[in-house]
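Given next are the chains, with one letter for each unit.
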Amino acid sequence: MKHDVIDDFSNPTACQSRVVSLANMVKTMPQQHEIIQLRSNIGASHGVEEMVSSSPLMVCVRDLIRQAAPSDVTVLIRGESGAGKELVARALHRGSPRASKPFVDVNCAALTETLIESEIFGYERGAFTGAISRHRGKFEQAHGGTIFLDEIGDLPLATQAKMLRVLEERSFQRIAGEENVNVDVRVICATNHSLEDALRKGFFRMDLLYRINILVIEVPPLRERPADIPELAQHFLAMGISLRKHSAQRISEAALMALRAHDWPGNVRELKNAIERAVIVCDEEEIQPVHLPPAVICPSGPTSHRASDTIGARSLVEIVAGFERAMILHALEKNDRHKSRTAAALKVTRRILGYKMKTLGID
């Protein structure tokens, strides 16, 4: 083999061909870099654009995604359940140079303590009863791409120690394995808990918290961005229409008012389910409040009482307060939280607006 190489380079034609190929490769390197960068920029734009929102709070989130996506920095996404943390994680992946590689998500809260390490790190054949072959864990499956550790606050302490090593060294051992497995992954974590509280209670490691707390993206709950509710509702309606044939083509103003008045404890996920339900039960072109889930129409929610029993003075007060709160929050957001302009838009005095905000618990 060595002799062949020497003979090859002793041939002037072959040598010249190799030099020309090397020169061409050097020339095209800047162009290839530009193509990679362009693909990354297109991916970032595409991922962010999928986030349906016109809220100033979400504009900040989108800006952070654009800034963080091209790097390999570990990101911690905080937010309530259903607020859209996975959507943010996917947007980060699509906007990165790793966009063409795997995006592997792991729900840490859905795995038992006995299964979580075998799922994340994998195992060797014979590691336990039923392990008839080697299993590649989630980190290996994500090699070259991104791993999304959802609800990382639910990881057992023993697994947290191993996770810390992976984050620091990008290396681990499979269960019952002796060899180190090296991986090239970008790590994105998410939680709907306060990791600081978990740390104080001894449920979360301080060193792991510092390791994942490099760049934090806070996803605001839906009740803090009421301007997004109509836009998201229309988006989910369009999705329902495109997937299957239904009568509903639009949402009435009365139904939109009911949607704005609801607090949405389940956030965007709850809104999506509400619109899907309305599309199914609606047999006319326009969705009305009656087509929405009972919990949305009546804040007190469904109970064992008859429907007529829930329509009393207390329910009416709650519904009116909900409408007022939604209107004020919407007006505040449209007017950059400027009280005088908000009061003028609502056709009330600044004093009345202040009183209403205090009564309704609006900061």
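Owing to the predicted nature of the structure, the values given are computational and were not obtained by experimental measurement. (Residues numbered from 1 in each chain as written. Predicted model: local features only at pLDDT ≥ 70, side-chain atom pairs only at ≥ 80, totals over all residues. Heavy atoms only, no water.)

## Concerning the confidence of the model for the protein chain
Averaged over every residue, the pLDDT of the protein chain is 82; the share at 70 or more is 80%. Here residues 18-23 scores under 50 on pLDDT; set against residues more than four positions off or in separate chains, the count is 2 contacts. The model gives residues 25-30 a pLDDT under 50, and that stretch makes 0 contacts with residues more than four places away or in other chains. (pLDDT = per-residue confidence, 0-100. Contact = heavy atoms within 4.5 Å.)

## Focus: the environment of Ile 287
Along the chain, Ile 287 falls in strand E11 (residues 286-287). For Ile 287, a relative accessible area of 1% puts it in the buried group. In this structure, Ile 287 is in contact with Leu 237, Ala 248, Arg 250, Ile 251, Ser 252, Ala 255, Ala 278, Val 279, Cys 282 and Leu 292, ignoring residues within four places of it in sequence. (Helix = DSSP H or I, 4+ residues; strand = E, 2+ residues; numbered from the N terminus. Buried < 20%, exposed > 50% of the residue type's maximum accessible area, 1.4 Å probe, protein only.)

## Brief notes about the packing of helix H10 (residues 228-243) against helix H11 (residues 253-261)
In the contact formed by H10 and H11, the axes pass within 9 Å of each other and the chain directions differ by 120°. Taken as axis vectors, H10 and H11 run oblique relative to one another. In the crossing of H10 with H11, the sense of the turn from one axis to the other is right-handed. Contacts from Ile 229, Pro 230, Ala 233 and Gln 234 in H10 reach Leu 256, Leu 259 and Arg 260 in H11. By residue class, the composition of the contact of H10 with H11 is 5 nonpolar, 1 polar and 1 charged. (Axes fitted to C-alpha atoms, helices over the stretch in contact; angles between N-to-C directions. Parallel < 35°, antiparallel > 145°, perpendicular 65-115°, else oblique. Left-handed = near helix turned anticlockwise from the far one by under 90°. Nonpolar A, V, L, I, M, F, W, Y, C, P; charged D, E, K, R; others polar.)

## Examining the packing of aromatic side chains
Under the defined criterion, the tally for this structure stands at 5 aromatic pairs. Summarising the aromatic geometry, the rings of Phe 121 and Phe 172 are spaced 5.6 Å apart at their centres and angled 45° between planes, so their arrangement reads as tilted. Here Phe 121, found in helix H5 (residues 113-121), pairs with Phe 172, found in strand E6 (residues 171-172); they are 51 residues apart in sequence, far enough to count as distant. The two residues Phe 121 and Phe 172 agree in class, both being buried. What links up through ring pairs into an aromatic cluster is the set Phe 121, Phe 139 and Phe 172. (Phe/Tyr/Trp six-rings, centres within 6.5 Å; stacked < 30°, edge-to-face > 60°.)

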